[in-house]
Amino acid sequence: MVLPIVHHPAYCADLPANHRFPMDKFRAVADLIRKEDLLDGKPFFRPRPAPFEWVALAHDPLYVDQVFNGKVPEQVAREIGFPMRADIALRARCATGGTVLTGYLALEHGLACNTAGGSHHARRRHGAGFCVFNDVAVAIRVMQADGAIQKALVIDLDVHQGDGTAEIFLGDPDVFTFSMHSEKNYPVRKVPSHLDIGLPDDTGNKTYLECLEKALPDLLAQENWDIVFFNAGVDPYAEDRLGRLALSRNGLRLRDRYVIETVSRAGIPLGGVLGGGYSSDIDELADRHLTLHRTARGVVQSKAMVDSRREAISALQT
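These numbers were taken from a predicted model, which means no experiment stands behind them.

Rules used in this analysis
Residues numbered from 1 in each chain as written. Predicted model: local features only at pLDDT ≥ 70, side-chain atom pairs only at ≥ 80, totals over all residues. Heavy atoms only, no water. Salt bridge = Lys/Arg side-chain N within 4 Å of Asp/Glu carboxyl O. Helix = DSSP H or I, 4+ residues; strand = E, 2+ residues; numbered from the N terminus. Buried < 20%, exposed > 50% of the residue type's maximum accessible area, 1.4 Å probe, protein only. 1 Å grid on protein atoms, 1.4 Å probe; cavity = no way out; pocket = protein on both sides within 12 Å on 5 of 7 lines; lining within 4 Å. Points joined across faces, edges and corners; volume = space filled by probe spheres on them. Pairing = 2+ DSSP bridges. Contact = heavy atoms within 4.5 Å. Axes fitted to C-alpha atoms, helices over the stretch in contact; angles between N-to-C directions. Core = buried A, V, L, I, M, F, W, Y, C linked by side-chain atoms within 4.5 Å. Expected span 1.5 Å × (residues − 1).

S.K.: Quick one: what's the story with the pattern of salt bridges, residue by residue and with numbers?
M.R.: Across all of its chains, the model carries 18 salt bridges by this definition. In this structure, Lys-151 engages Glu-223 in a salt bridge whose closest nitrogen and oxygen atoms are separated by 3.9 Å. With Lys-151 in the loop between helix H6 (135–145) and strand S3 (152–156) and Glu-223 in the loop between helix H8 (204–222) and strand S6 (227–231), this residue pair connects regions lying 72 residues apart in the sequence. Assessed through its relative accessible area of 16%, Lys-151 is described here as buried. The exposure class of Glu-223 is partly exposed, given its relative accessible area of 30%. Residue Arg-294 is joined to Asp-287 by a salt bridge in which the shortest nitrogen-to-oxygen separation is 2.6 Å. Since its relative accessible area comes to 27%, Arg-294 is described here as partly exposed. Classification of Asp-287 by relative accessible area gives partly exposed; the value is 25%.

Written out as structure tokens, the structure reads:
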């Protein structure tokens, strides 16, 4: 079994050298995946740019039209934090299409990962916080509209609260949003998720993992979820430029392994998205982000070994 990984070259748009958002990380993540052969010799799955009709399922059509046609008001562009050019719009569409594809691949294979996504600050009427379109929200709405899923669980472990995702699915009985984040971090005005766990500064590995292990099993048992989307932001890391939770690299690995293995044991498809991570050292940041893909591939390989052993034992018994 091979882990399906989704990537598009347009994930990496041009930004000024001094821009706060580390755009080059998307190219570096893809390069490192190839270097480590996490694709097992297979190509990336390449998504189509999300069309207007997909994005408008989760966002106000007026805002979608503004992004598609380069007419985003300056005030909104400032809140997003990007110059709203054509290549930035294409990047947002491709990343969103990538998460849609990741969701469908997860349904087919049980587990799939994007090399972008997790733009959880984008709300229905506008983007914010380096997030143009809320890719996870669009993916869920597209898959629901297609009849591929009904109920979805969002596990958001980015260091920042997933206010945009919470707002889009507020009051929705078929989508549950769970955000575990730094309470004192951005955004200042949070939108309540269905479940929020706001953690204090310098929480550290032990308390963080205990909180996650207490919450996740109950969430998985709460409904017959058709899919889980996992925002595996690596900004809870102690050395991240915007993080405050003091997790170690091993803490991030243990977190991702716990989520992916627990969801996998529950028999629920999981789509992993990149989420946040901030550093001027792009190589270090890309290596940190690959925690998601390395862990997911390890789970896929372990499952394949178990299935192979079961088949061998069954063959001996017949």
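S.K.: Outline empty space enclosed by the protein, listing residues and values.
M.R.: Enumeration according to the criterion identifies three cavities of 30 Å³ or more in this entry. When its volume is computed, the largest cavity comes out at roughly 160 Å³. What lines the largest cavity is a set of 19 residues, and nearest its centre among them are Phe-21, Gly-118, Gly-275, Gly-276 and Tyr-278. Computed from the structure, the second largest cavity encloses a volume of approximately 50 Å³. Along its surface, the second largest cavity is lined by Arg-91, Ala-92, Ala-95, Thr-96, Ser-119, Val-132, Phe-133 and Asp-135.

S.K.: Can you tell me about unusual backbone geometry, naming the residues and giving the values?
M.R.: In this model, Tyr-186 is joined to Pro-187 through a cis peptide bond whose omega is 0°. Tracing the backbone through its elements, the reader meets Pro-187 in the loop between strand S4 (175–182) and strand S5 (195–199). Although it is not a glycine, Phe-130 sits at a positive phi angle of roughly 65°. With respect to the secondary-structure elements, Phe-130 resides in the loop between strand S2 (111–114) and H6.

S.K.: Could you give me a rundown of the sheet that holds strand S7 (residues 270–273), with the residues and numbers involved?
M.R.: As a general point, the strands of a sheet are linked pairwise by backbone hydrogen bonds and lie either parallel or antiparallel. Within the open sheet, the seven strands sit side by side as S1-S2-S7-S6-S3-S4-S5. Their pairing is parallel. Every interior strand has two partners, whereas the edge strands, strand S1 (5–6) and S5, have only one. Those strands touched by H8 are S3, S4, S5 and S6, and its axis lies near 180° from that of S4. Against the sheet, helix H9 (residues 249–265) touches S2, S3, S6 and S7, its axis set at about 175° to S6.

S.K.: Which residues make up the nonpolar core, and what are the values?
M.R.: Grouped together as the largest cluster of nonpolar side chains are 52 residues, with contacts concentrated most on Met-23, Phe-82, Met-84, Val-132 and Ile-140. For this core, the elements supplying multiple residues, two or more each, are helix H3 (61–68), helix H4 (74–80), helix H5 (86–109), H6, S3 and S6. Residues in contact with Met-84, not counting those within four places in the same chain, are Val-67, Val-72, Ala-77 and Val-132. By size, the runner-up hydrophobic cluster in this structure holds 50 residues, among which are Ala-28, Leu-199, Val-234 and Val-263.

S.K.: Let's hear about H5: which residues, and what values?
M.R.: Along its 24 residues, H5 runs 34 Å from first to last C-alpha, staying within 8% of the 34 Å computed at 1.5 Å per residue. Looking at the residues trailing H5, positive phi occurs at Gly-110, about 95°.

S.K.: With reference to specific residues and values, describe the side chain of Arg-249.
M.R.: If you trace the backbone, Arg-249 turns up in helix H9. Beyond its immediate stretch of four places on either side in the chain, Arg-249 contacts Tyr-237, Glu-284, Asp-287, Arg-288, Thr-291 and Arg-294.

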